[in-house]
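# Per-entry structural report
Chain by chain, the residues:
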Amino acid sequence: MTKRSITIILCSLLLLSFLPSSVRAESDDSEVNENSEWNQLVLAKGEDSTGDKEDKLFEIFGVEKDDVEIIEVASTDISKYTDRSPGIFSYSSTLIEKKNKGYGVKVSVLTPDDITSVTKEQYKNALVTAGAKDVHAYIATPTSVTGTAALTGIYKVFDEKGEAFNQDRVDLAETEIDTLVDINEAHEDDADYKAATLDKVLLQIKTDIAEADKDLDKKALETIVKEALSAEKLDNILDDDEVTSLVDLAILYEDSDMFEDDTWKEQLKGDGDQEDETAKKPAPKTDTSDADLPIDIDAFLSTLATMLKYILPVAHE
């Protein structure tokens, strides 16, 4: 190899060292999500969160309006995407961050004191039941609400992004969350009851159904439900009607296609759960395609001048 060739290669490497990593490593990008529809955060905003309430929402989420794509969620969307009757107002909102494959489904409730009926785990369970994959949902409201309609915004966003959930799975997710909310509300003054314990029961019911090697009849499903409740010491707290509602839910799980593979479990226990829980707010995604190159001009010119001392004599030989 000639001096000229070596010099050209060295100069090329030098120039590459000053290019931003987003340009140099484009072909090595580990991002699995290549859908351009998800190139920024999406806010499913309750349409009645306007004025001061809207300002409060953005303050809670920690983002600016220009940082996100906004999709309005009307009260009528509730009846469109679920079998629930629309409410008078739509306040609760969800900031949606699409993640890479393997992240799973993660939910952060940023205003837990103002969402009165639904826990973080119940939102997460319902999203996985509906078929969501690799997403972090940040839920907030500027005023006190039950929170049962917060998932509607997520359904609408995925629909508008061309990734609509199967309606049967959405209906199952809604039945699931309604069942849990009813039980939670019935025991809100019961010192021996914790919603988080019921969440564990639900996960155990799903796991036992998924791991069964045969179709399960109603009697087998009743056994699964009662054993899960007993393991968490809820068998003497829930009444017969509440146990029956969980059995009915288990029957719907058995009849669904959600256990055809382990995707549901992977989404519940994805890499997102390993993240630091103190990092509550998302970092806005920004477009760096037109950003200035991060070059230290003085250092660049100094290094280039040094290399030219060796290049010029070769060029005139």
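Please refer to the structure higher up on the page.
To keep things clear, this report deals only with the structure shown in the data block. (Residues numbered from 1 in each chain as written. Predicted model: local features only at pLDDT ≥ 70, side-chain atom pairs only at ≥ 80, totals over all residues. Heavy atoms only, no water.)

### Re unusual backbone geometry
- A positive phi is found at Asp134, a non-glycine position, where the angle reads about 50 degrees.
- Positive phi, normally seen in glycine, also occurs at Lys233, with a value near 60 degrees.
- With a relative accessible area of 65%, Lys233 lands in the exposed category. (Buried < 20%, exposed > 50% of the residue type's maximum accessible area, 1.4 Å probe, protein only.)

### Quick word on the sheet that holds strand S1 (residues 41–46)
- In spatial order, the strands read S2-S1-S3-S5-S4; together these 5 strands make up an open sheet with mixed pairing. Lying at the two open borders of the sheet, with one neighbouring strand each, are strand S2 (68–73) and strand S4 (105–109). Strand-to-strand, the axes of this sheet are offset by a mean angle of 20 degrees, without reference to chain direction.
- Examined bridge by bridge, S1 and S2 share 6 bridges and lie parallel to one another. (Pairing = 2+ DSSP bridges. Helix = DSSP H or I, 4+ residues; strand = E, 2+ residues; numbered from the N terminus. Axes fitted to C-alpha atoms, helices over the stretch in contact; angles between N-to-C directions.)

### Digging into the pairing of S4
- For S4, a buried count of 5 out of 5 residues is recorded, marking the element as mostly surrounded by other parts of the structure.
- Of the two faces of S4, the one holding Val105, Val107 and Val109 and the one holding Lys106 and Ser108 are both buried throughout.
- Taken together, the 5 bridges between S4 and strand S5 (residues 135–140) define a ladder with parallel strand orientation. Within S5, the residue paired with Val105 across the bridge is Val135.
- As a crossover connection, the stretch from S4 through helix H5 (residues 120–130) into S5 is left-handed. (Right-handed = clockwise from strand over helix to strand, strands pointing away.)

### Re the nonpolar core
- Grouped together as the largest cluster of nonpolar side chains are 61 residues, with contacts concentrated most on Tyr123, Ile205, Ile209 and Tyr253.
- With 7 residues, the single largest contributor to this core is helix H7 (residues 167–186).
- Every residue in contact with Tyr253, bar those within four places of it in the chain, is listed here: Thr129, Leu172, Glu176, Leu202, Ile205, Lys206, Ile209, Met258 and Phe259.
- Formed by 12 residues, the second largest nonpolar core is a distinct cluster that contains Leu41, Phe61, Leu110 and Tyr138. (Core = buried A, V, L, I, M, F, W, Y, C linked by side-chain atoms within 4.5 Å. Contact = heavy atoms within 4.5 Å.)

### Overview of the pattern of salt bridges
- Summed over the entire model, instances satisfying the criterion amount to 9 salt bridges.
- Lys99 is paired through a salt bridge with Glu97; the nearest N and O atoms lie 3.6 Å apart.
- Between Arg169 and Asp257 there is a salt bridge, and its shortest N-O distance comes to 3.4 Å. Within this pair, whereas Arg169 is found in helix H7, its partner Asp257 is found in the loop between helix H10 (240–255) and helix H11 (263–268), the two being separated by 88 residues in sequence. (Salt bridge = Lys/Arg side-chain N within 4 Å of Asp/Glu carboxyl O.)

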